[in-house]
Amino acid sequence: MKQLDDFYLNQEEPIKGLFLALKEIILKQDSDITNTLKYGMPFFCYREKMFCYLWIHKKIKKPYIGIVEGKHFDEPFLVQENRSRMKIMMFDSNEDLPLDQIETIIQKAINLYKIGVVKI
């Protein structure tokens, strides 16, 4: 757990605060969500199956939530770029988080696992 905590604590503000806020928002969506470090980034798992992660876009340096099964969603705020399966939701770290959009997409992602679209 120390490496995971270090990931958050080693980020520079305002990204550090944004990631910590996103972590809390995601974890409160369902009691079966856990946070772990995989591939050097914080991943969130639903019943041990990876469903989203936090990272910073390499080219434009914006933080984002990556939705593992994003290909199932058509929301205009999700960007696919060159990914076949995942989509990302980018944030401006100087603006308020769009809480409703975040909660909606996290719930939709969890539901893919709950209803069996993605096997657990």
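Provided above is the structure to which this section pertains.
Residue numbers here run from 1 along each chain, matching the order of that chain's written sequence. It should be noted that, the model being predicted, local features are given only for residues of pLDDT at least 70 and side-chain atom pairs only at 80 or more, the latter also being counted only at that level, while totals for whole chains, interfaces and linings use all residues. Side-chain numbers here rest on the full set of heavy atoms in the structure, without hydrogens or water.

Draft legend 1. Layout of the nonpolar core. Counting residues in hydrophobic clusters, the biggest one holds 35 residues, and the most contacted among them are Ile26, Phe51, Ile65, Ile67 and Ile106. We count a stretch as a helix when DSSP gives it H or I for four or more residues in a row; a strand needs E for two or more, and each element gets its number in order from the N terminus. Of all the secondary-structure elements, those providing two or more residues to this core are α1 (2–9), α2 (15–27), β2 (41–46), β3 (49–56), β4 (63–67), β5 (87–90) and α3 (99–114). Per-element tally for this core: the top contributor is α3, with seven residues. Whether two residues touch is decided by their heavy atoms; if any such pair falls within 4.5 Å, the residues are in contact. When sequence neighbours within four positions are dropped, the list of residues in contact with Ile67 reads Phe51, Cys52, Phe73, Leu78, Arg85, Met86, Lys87, Ile105, Ile106 and Ala109. To qualify as a nonpolar core, a set must consist of buried Ala, Val, Leu, Ile, Met, Phe, Trp, Tyr and Cys residues joined through side-chain atoms within 4.5 Å. Using a 1.4 Å probe on the protein chains alone, a residue whose accessible area is under 20% of its type maximum counts as buried, one over 50% counts as exposed, and one in between counts as partly exposed.

Draft legend 2. Broad picture of the side chain of His57. Here His57 is to be found in the loop between β3 and β4. Exposure remark for His57: the relative accessible area of 8% places this residue in the buried category. Counting of polar contacts relies on pairs of N or O atoms within 3.5 Å, with two restrictions inside protein: one atom must be capable of donating a hydrogen and the other of accepting it, and residues adjacent in sequence are counted only when both atoms are side-chain atoms. A distance of 3.2 Å separates a polar atom in the side chain of His57 from the backbone nitrogen of Lys59. Residues in contact with His57, not counting those within four places in the same chain, are Lys62, Tyr64, Glu81, Ile88 and Met90.

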